[in-house]
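Architecture at a glance
Here is how the chains run, residue by residue.
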Amino acid sequence: MAIRTIRKDTDEILRKTARKVEKIDERIITLLEDMAETMRDAQGVGLAAPQVGVLRRVVVIDVGEGLIELINPIIVYESGEQMSEEGCLSIPGKSGVVKRPQKVIARAQNRKGETFEIVGEDLLAVALCHEIDHLNGILFTDKAITIKEQGRD
Ligand code: NI
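These figures come from a predicted structure and were not determined experimentally.

Procedures and definitions
Residues numbered from 1 in each chain as written. Predicted model: local features only at pLDDT ≥ 70, side-chain atom pairs only at ≥ 80, totals over all residues. Heavy atoms only, no water. Helix = DSSP H or I, 4+ residues; strand = E, 2+ residues; numbered from the N terminus. Rg over C-alpha atoms; globule rule 2.2 N^0.38 Å. Buried < 20%, exposed > 50% of the residue type's maximum accessible area, 1.4 Å probe, protein only. Contact = heavy atoms within 4.5 Å. Areas by Shrake-Rupley, 256 points an atom, 1.4 Å probe, with all protein chains shown as cover. Lys, Arg positive; Asp, Glu negative; His and termini not counted. Charge placed at Lys NZ, Arg CZ, Asp CG, Glu CD. Salt bridge = Lys/Arg side-chain N within 4 Å of Asp/Glu carboxyl O. Expected span 1.5 Å × (residues − 1). Pairing = 2+ DSSP bridges. Axes fitted to C-alpha atoms, helices over the stretch in contact; angles between N-to-C directions. Donors = N, O, S within 2.8 Å, 3.2 Å for Na, K, Ca; no water.

A look at the overall build of the protein chain
- For the protein chain, the count of helices and strands is three helices and eight strands.
- Of the regular secondary structure in the protein chain, the N- to C-terminal order runs α-β-β-β-β-β-β-β-α-α-β.
- On C-alpha atoms alone, the protein chain measures out to a radius of gyration of 15 Å, which is about the 15 Å that the 2.2 N^0.38 rule sets for 153 residues.
- Of all 153 residues assigned to the protein chain, the portion counted as buried reaches 45%.
- Of the contacts formed within the protein chain by residues at least 6 apart in sequence, a portion of 65% connects residues at least 24 apart.
- Surface accessibility of the protein chain: about 8100 Å² in total, with carbon and sulfur atoms responsible for 45%.
- Placing the 22 positive and 26 negative side-chain charges of the protein chain at their respective mean positions leaves the two points 5 Å apart.

The structure is reproduced here in structure tokens:
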């Protein structure tokens, strides 16, 4: 496992659409493991592959309930709404309030290639939406109603 460099907000790779994973090979497994280590090292709750410079549809999330690995994730259901205070490892020093669904169901593949669904509410719903947005080149600052810079009001 290795810690990879997190790309920051001016890096144009963050604006590109990630490609679907067709075959879960050793490179994808290594990517998953490196992303988990990179996320933990940075004390984040989620990380998407474009953030480490890889344009593939791969996400890791840990909101404190254990590691979730998602390959080719899509949101298949959403309901309710919440105003979430978000930050992003690629946009240090900024946070913002984003309107998100209160509950989502995401469908993805695990590292064995098996399709599964995960129900996320509250913070997990936010993390799923935020990370899947990254796969489509969308950052939370695009959607934020207000943006705060650290040390400023
Ligand atoms: Ni982010």
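Still more ground to cover, so stick around.
Let's talk about the pattern of salt bridges
- Taken as a whole, this structure holds 13 salt bridges when the rule is applied.
- Put simply, Glu81 and Lys99 hold a salt bridge, and the shortest N to O gap is 4.0 Å. Of this pair, Glu81 sits in the loop between strand E3 (68–79) and strand E4 (82–86) while Lys99 sits in strand E5 (residues 94–100), placing them 18 residues apart in sequence.
- Linking Glu117 and Arg107 is a salt bridge whose minimum nitrogen-to-oxygen distance equals 2.8 Å.

Digging into helix H1 (residues 26–41)
- Taking 1.5 Å of rise per residue, 16 residues should cover 22 Å, and H1 covers 22 Å from first to last C-alpha, within 8% of that figure.
- Looking only at H1, the buried set comprises Ile28, Leu31, Leu32, Asp34, Met35, Ala36, Thr38 and Met39.
- Where H1 is buried, its residues contact strand E1 (46–48), strand E2 (58–61) and E3.
- Among the residues trailing H1, Gln43 stands out with phi positive, at a value near 55 degrees.

So, the sheet that holds strand E8 (residues 146–149)
- One open sheet holds the three strands; their spatial order is E4-E5-E8, and the pairing between them is antiparallel. Either end of the sheet is taken by a strand with one partner, and the two such strands are E4 and E8. Here the average twist between neighbouring strands, direction ignored, is 20 degrees.
- Inspection of the sheet shows E5 paired to E8 by four bridges, in the antiparallel sense. When the sheet's bridge partners are listed, Gly96 is paired in E8 with Ile147.
- Its contacts with the sheet place helix H2 (residues 123–135) against E4 and E5, and it is angled at close to 65 degrees to E4.

Description of the coordination of the nickel ion
- Ligation of the nickel ion by protein atoms is provided by Cys88 (SG), His130 (NE2) and His134 (NE2), these donors lying 2.1 to 2.2 Å from the ion.
- On the primary sequence, the residues serving as donors to the nickel ion are separated as C-x41-H-x3-H. Of this pair, Cys88 sits in the loop between E4 and E5 while His134 sits in helix H2, and the two are 46 residues apart along the sequence.
- Judged by relative accessible area, Cys88 falls into the buried class, the value being 11%.
- His134 gets classed as buried once you look at its relative accessible area, which sits at 2%.

Concerning the sheet that holds E1
- Taken together, five strands build an open sheet; the order of strands is E1-E2-E3-E6-E7 and the sheet is antiparallel. With one partner strand each, in any of the chains shown, E1 and strand E7 (115–121) form the two edges of the open sheet. Recorded for the sheet is a direction-independent mean angle of 35 degrees between the axes of neighbouring strands.
- When E3 meets strand E6 (residues 103–109), the two strands line up antiparallel, connected through six bridges. Counted as the bridge partner of Ile74 is Arg107 from E6.
- Each of E1, E2, E3, E6 and E7 touches H2; the most contacted strand, E7, lies at about 125 degrees to it.

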